[in-house]
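Structural overview for review
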Amino acid sequence: MLSPRQQHCLKAIGIRRWVERASVTESAAIAPAPLTTESPAIVTASPAIEEPALPPATLDISLDSWDAVNHSIQRCEACQLTSNCTQKVPGVGDQKSDLMIIGEGPGHDEDIKGEPFVGRSGQLLDKMLAAIGLSRSQVFITNIVKCRPPNNRDPHVDEVQACNRFLRAQIDLIKPKVILSSGRISAHSLLNTTQPVGRLIETMHQLPDSQIPVKVTYHPAYLLRNPSAKAIAWQDLKTLYRILHS
Ligand code: SF4
């Protein structure tokens, strides 16, 4: 049985009805079960700052501190996305968190506020985190690219590659116990794959060239458009809970 707190959190997320995995179009849904700390098996797969007077960041600068990473991101002109965004969106949260959440790129609201996952998607993410006893300030949230792609298009491969040094530096500094990869762009970029998200969700992965487990889940924006997939997201949250408490 779910505890009253879990029931409250699930209701806040929007999960009110459980459907069989096979009946969900995108992938699957499973009836909820209480949170447990049994670890899942891991399958190894392969604030607005504007400094126009500063010179562009050089690629050979060492990104071994948060100051270096954040300063370099703010000065970065390594791809064309810098010319379209209002401001850089490096990421927010606990820089020593066990959980790192990685989305795809800043959208309109994120570009304006300078913070990832705000607006309706961010509110849903906050509720999802609350369901496993976490607040936004207790995790670190960032994106694959730190500048908003114009018209919310997918970031191009060269843009992802150009920004990857910042993401990898952030991962190296945080050393998270687990990464939650939110959405297709994030999963494909992190795992270097083109498999559908619905397939990637089915198992655990490992960040290439590291020992860090990666849990793929749907982006909150997708969950807002497809409420039936929230049951799957609950399964992903339970997996995260087990890893974080193992
Ligand atoms: Fe630099 Fe990343 Fe922004 Fe491109 S998206 S300009 S690589 S910070």
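These lines cover the structure that appears in this document, whether it is placed above or below. All values reported here derive from a predicted model rather than from experimental measurement.

1. A word on the pattern of salt bridges
Tallying each qualifying case throughout the model produces five salt bridges. Where E115 meets R136, a salt bridge forms, and the shortest distance between an N and an O atom there is 2.8 Å. Here R136 lies in the loop between α4 (119-131) and β3 (140-143) and E115 lies in the loop between α3 (108-113) and α4, a separation of 21 residues in the sequence. Looking at E115, the relative accessible area reads 18%, which means it is buried. Overall, the relative accessible area of 17% leaves R136 in the buried class. Here R153 ties to E159 by a salt bridge, and the two come within 2.8 Å at their closest N and O atoms.

2. Comments concerning the site of the ligand
Surveying the vicinity of the ligand reveals the residues C76, A78, C79, L81, T82, K146, C147, A162, C163 and F166. The class makeup of the residues in the shell around the ligand is eight nonpolar, one polar and one charged.

3. Examining helix α6 (residues 184-191)
Along an α-helix, residues three or four apart share an orientation, since each turn contains 3.6 residues. The buried fraction of α6 amounts to six of the eight residues, a majority that puts the element mostly inside the structure. Every buried residue of α6 is listed here: I185, S186, A187, H188, L190 and L191. Turning to α6, the residues buried within the fold contact β2 (99-103), α5 (157-174), β4 (178-182), α7 (197-200), β5 (205-206) and β6 (213-217). Looking one or two residues past α6, N192 carries a phi angle of roughly 55°, positive in sign.

4. A look at the sheet that holds β4
An order of β1-β3-β2-β4-β6-β5 is seen for the six strands of this open sheet, with the pairing classed as mixed. Each edge of the open sheet is held by one strand with a lone partner, namely β1 (92-93) and β5. Across four bridges, the pairing between β2 and β4 is parallel. The residue bridging M100 from the neighbouring strand is I179, located in β4. Along the sheet, α5 makes contact with β2, β3 and β4, crossing β2 at roughly 170°. Along the sheet, α6 makes contact with β2, β4, β5 and β6, crossing β4 at roughly 130°.

5. Things to note about the pairing of β2
Burial analysis of β2 places five of its five residues in the buried class, which makes it a mostly covered element. In β2, alternate side chains face the same way, and those of L99, I101 and G103 on one face and M100 and I102 on the other are all buried. With four bridges joining them, β2 and β3 adopt parallel strand pairing. Paired with G103 across the strands is N143, a residue of β3.

6. As for helix α9 (residues 230-244)
Helix length check: α9, at 15 residues, gives a terminal C-alpha distance of 21 Å against a target of 21 Å (1.5 Å per residue), a fit within 8%. Within α9, 15 of the 15 residues are buried, which leaves the element mostly enclosed by the surrounding structure.

7. Overview of the packing of aromatic side chains
Counted under the stated rule, the structure contains two aromatic pairs. Aromatic side chains W66 and F140 sit 5.3 Å apart centroid to centroid with 45° between the ring planes, which places their arrangement in the tilted category. Residue W66 is located in helix α2 (residues 66-75), and its partner F140 is located in strand β3; the two are separated by 74 residues in the primary sequence. Of the two residues, W66 and F140, both sit in the buried class. Taken together, a centroid distance of 4.6 Å and an interplanar angle of 25° make the contact between Y218 and Y222 stacked. With relative accessibility at 5%, the residue Y218 sits in the buried group. Among the residues examined, Y222 registers a relative accessible area of 13% and is labelled buried.

8. Side note on the pairing of β4
With five of five residues buried, β4 lies mostly within the body of the structure. Of the two faces of β4, the one carrying V178, L180 and S182 and the one carrying I179 and S181 are both buried. Sheet topology places β4 next to β6; four bridges connect them, and they run parallel. Residue pairing for β6: S181 is matched across the bridge by V216.

Parameters and conventions
- Residues numbered from 1 in each chain as written.
- Predicted model: local features only at pLDDT ≥ 70, side-chain atom pairs only at ≥ 80, totals over all residues.
- Heavy atoms only, no water.
- Salt bridge = Lys/Arg side-chain N within 4 Å of Asp/Glu carboxyl O.
- Helix = DSSP H or I, 4+ residues; strand = E, 2+ residues; numbered from the N terminus.
- Buried < 20%, exposed > 50% of the residue type's maximum accessible area, 1.4 Å probe, protein only.
- Near = heavy atom within 4 Å.
- Nonpolar A, V, L, I, M, F, W, Y, C, P; charged D, E, K, R; others polar.
- Contact = heavy atoms within 4.5 Å.
- Pairing = 2+ DSSP bridges.
- Axes fitted to C-alpha atoms, helices over the stretch in contact; angles between N-to-C directions.
- Expected span 1.5 Å × (residues − 1).
- Phe/Tyr/Trp six-rings, centres within 6.5 Å; stacked < 30°, edge-to-face > 60°.

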